[in-house]
Amino acid sequence: MSTSVVGDRIIDPMMAIANCSTRQRIVVVGAKSMELMMELHRRGYLLAAAAGNCGLPAGQYEVALVDWRRRTLHALDATMDWLDDFLGPRAELVIWLDAQKTAAKEALRAAVMKRGFVVLQGAEHPCGSVVLARRSQAVPVQQAA
């Protein structure tokens, strides 16, 4: 699959839900992380890095794009553990996954929340779905009236 096709199918919806600027540091995780990073660079997101070249963990990334197609939710736990130290205190997490049953989507939400993220939004697409979450300390708490 060519890079532009990957970009059209995955990057466009992920970037739309994340609403990233070209000045944000983005880490891309997943089997196609290098291809997706190259597509981001082509689009002007020059601070994007793939998991293989993202440096040492120091809370330096503001956004993580996680391509989780054809992988189990169980395997996501280890990736989230690894990714956690790379993300800053106000980080956003965008996860792309294959079309899933409702129970699998709920398991994904629970796994993300267990790590201190709040799921803000989700969207369905013909070739999968995308979830946007933000660290819970970055989400303002609604005060009771």
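Residues numbered from 1 in each chain as written. Predicted model: local features only at pLDDT ≥ 70, side-chain atom pairs only at ≥ 80, totals over all residues. Heavy atoms only, no water.

**What about the pairing of strand 6 (residues 128–135)?**
Working note: regular strand, side chains alternate between the two faces of the sheet.
Next, step 1: Most of strand 6 is tucked away, with seven of its eight residues classed as buried.
Next, step 2: The pairing of strand 4 (residues 87–97) with strand 6 spans six bridges and is antiparallel. Following the sheet pairing, Leu-97 is matched in strand 6 by Ser-129.
Next, step 3: Alignment of strand 5 (residues 117–125) against strand 6, held across eight bridges, turns out to be antiparallel. (Buried < 20%, exposed > 50% of the residue type's maximum accessible area, 1.4 Å probe, protein only. Helix = DSSP H or I, 4+ residues; strand = E, 2+ residues; numbered from the N terminus. Pairing = 2+ DSSP bridges.)

**Some details on the pattern of salt bridges**
Next, step 1: Going through the model one piece at a time under the given rule, you end up with nine salt bridges.
Next, step 2: Linking Glu-39 and Arg-43 is a salt bridge whose minimum nitrogen-to-oxygen distance equals 2.7 Å.
Next, step 3: By relative accessible area, which is 1% here, Glu-39 ends up buried.
Next, step 4: Arg-43 gets classed as partly exposed once you look at its relative accessible area, which sits at 28%.
Next, step 5: In this structure, the salt-bridge partner of Arg-115 is Asp-81, at a minimum N-O distance of 2.9 Å. (Salt bridge = Lys/Arg side-chain N within 4 Å of Asp/Glu carboxyl O.)

**Digging into the environment of Gly-122**
Next, step 1: Secondary-structure assignment places Gly-122 in strand 5.
Next, step 2: As for Gly-122 and Ile-95, which are separated by 27 residues in sequence, their C-alpha atoms are 9.4 Å apart.
Next, step 3: In this view, Gly-122 contacts Ile-17, Val-130 and Val-131; residues no more than four positions away in its chain are not counted. (Contact = heavy atoms within 4.5 Å.)

So, to be careful, I would describe these as geometric facts and stop short of saying anything about function.
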